[in-house]
Amino acid sequence: MSFIEVLLTVFAIALLIVGVIGCFVPGIPGPPLAWGGLVLAKFTSFNNIPIWLLAVTLVVTVGATVFDYFSPSIMTKNAGGSKGSRTGATVGIIVGLFISPIGIFLGPFIGAFFGEFLNNNHEFKPAIKVAFAALLSFLVSTGVKLFAVVCFIWIYIFSFTSVGAGV
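1. Here's the deal with the overall build of the protein chain
- Helix and strand counts for the protein chain come out as six helices and zero strands.
- Across the protein chain, helices and strands are ordered from the amino to the carboxyl terminus as α-α-α-α-α-α.
- Overall, the protein chain is about 65 × 30 × 20 Å in size when its C-alpha atoms are taken along their principal axes.
- Of all 167 residues assigned to the protein chain, the portion counted as buried reaches 38%.
- A separation of at least 24 residues holds for 66% of the contacts in the protein chain among residues at least 6 apart in sequence.
- Carbon and sulfur atoms provide 79% of the accessible area of the protein chain, an area that totals close to 9100 Å².
- The averaged location of the 4 negative side-chain charges in the protein chain is 6 Å from the averaged location of its 7 positive side-chain charges.

Shown next as structure tokens:
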């Protein structure tokens, strides 16, 4: 047990924790950071993570990140949303961060609603439809990212407790 291994382990745990936070906070890439934690753990004697598992988790990371990037735009557009609703949803998430944990979930809904409402001649019905699509998109993409990161944490814990036994 060297100082470098302890340092790598601390950074790996920190990346996994920040990865969870990044599932909810826009601008923080949750799954890529958590995957980085797995990579760091690979280079310690405390963890036994096979290369093939790092490759599989990399594919999951890329898939979750691409899904998170494109799903809000696709779902909002399919609901008839404009660029204003997509911008409003993004602003709503950011503002919601500073209000409360509930604000993170309500922010995209309220932001998309007002963005579409103002962009669509103040019509309520299309704006509410787009707002629900934005909220659903946020919840689904957050769930996908969170599931991936929780799996990465499980892999880390399992590999930590099974040193020498393989995964």
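2. A short note on the packing of helix α1 (residues 3-22) against helix α2 (residues 30-42)
- Running from N to C, α1 and α2 point in directions that differ by 165°, and their axes come no closer than 7 Å. In terms of axis orientation, α1 runs roughly antiparallel to α2. As α1 runs across α2, the sense of the crossing is left-handed. Contacts between α1 and α2 involve L8, F11, A12, L15, L16, V18, G19 and G22 from the first element and G30, L33, A34, G36, G37, L40 and A41 from the second.
- Its residues placed into classes, the contact of α1 with α2 shows ten nonpolar, five polar and no charged.

3. So, the confidence of the model for the protein chain
- Considering every residue of the protein chain, the mean pLDDT works out to 89; 95% of them sit at 70 or more.
- When pLDDT is averaged over each element of the protein chain, α2 comes out on top at 97 and helix α4 (residues 83-99) at the bottom at 84.
- Confidence drops under pLDDT 50 across residues 162-166; counting only partners more than four residues distant or on other chains, this segment forms nine contacts.

4. Details of the packing of aromatic side chains
- Enumeration according to the criterion identifies eight aromatic pairs in this entry.
- Centre to centre, the rings of F113 and F117 are 5.4 Å apart; their planes meet at 15°, and the pair counts as stacked. With F113 and F117 both in helix α5 (residues 101-119) and four residues apart, this pair spans about one turn of that helix.
- The exposure class assigned to F113 is buried, which follows from its relative accessible area of 13%.
- Plain terms: the ring middles of F113 and F124 are 5.6 Å apart, the flat faces sit at 65° to each other, and that makes the pair edge-to-face. Of this pair, F113 sits in helix α5 while F124 is found in helix α6 (residues 124-161), placing the two residues eleven residues apart along the sequence.
- Counting every residue linked through ring pairs, the aromatic cluster contains F113, F114, F117 and F124.

5. Some points on the pattern of salt bridges
- In total, this model carries one salt bridge according to the counting rule given.
- A salt bridge links K145 to D68, with the nearest nitrogen and oxygen atoms 3.4 Å apart. Here K145, found in helix α6, pairs with D68, found in helix α3 (residues 51-78); they are 77 residues apart in sequence, far enough to count as distant.

6. Description of the packing of α2 against α3
- Relative orientation of the contacting elements α2 and α3 amounts to 170°, with a least axis distance of 9 Å. When the axes of α2 and α3 are compared, the pair comes out roughly antiparallel. Across from P31, P32, W35, L38, V39 and K42 in α2, the residues of α3 making contact are I51, L54, T57, L58, T61, A64 and T65.
- Considered class by class, the residues forming the contact of α2 with α3 number nine nonpolar, three polar and one charged.

Criteria and cut-off values
Residues numbered from 1 in each chain as written. Predicted model: local features only at pLDDT ≥ 70, side-chain atom pairs only at ≥ 80, totals over all residues. Heavy atoms only, no water. Helix = DSSP H or I, 4+ residues; strand = E, 2+ residues; numbered from the N terminus. Buried < 20%, exposed > 50% of the residue type's maximum accessible area, 1.4 Å probe, protein only. Contact = heavy atoms within 4.5 Å. Areas by Shrake-Rupley, 256 points an atom, 1.4 Å probe, with all protein chains shown as cover. Lys, Arg positive; Asp, Glu negative; His and termini not counted. Charge placed at Lys NZ, Arg CZ, Asp CG, Glu CD. Axes fitted to C-alpha atoms, helices over the stretch in contact; angles between N-to-C directions. Parallel < 35°, antiparallel > 145°, perpendicular 65-115°, else oblique. Left-handed = near helix turned anticlockwise from the far one by under 90°. Nonpolar A, V, L, I, M, F, W, Y, C, P; charged D, E, K, R; others polar. pLDDT = per-residue confidence, 0-100. Phe/Tyr/Trp six-rings, centres within 6.5 Å; stacked < 30°, edge-to-face > 60°. Salt bridge = Lys/Arg side-chain N within 4 Å of Asp/Glu carboxyl O.

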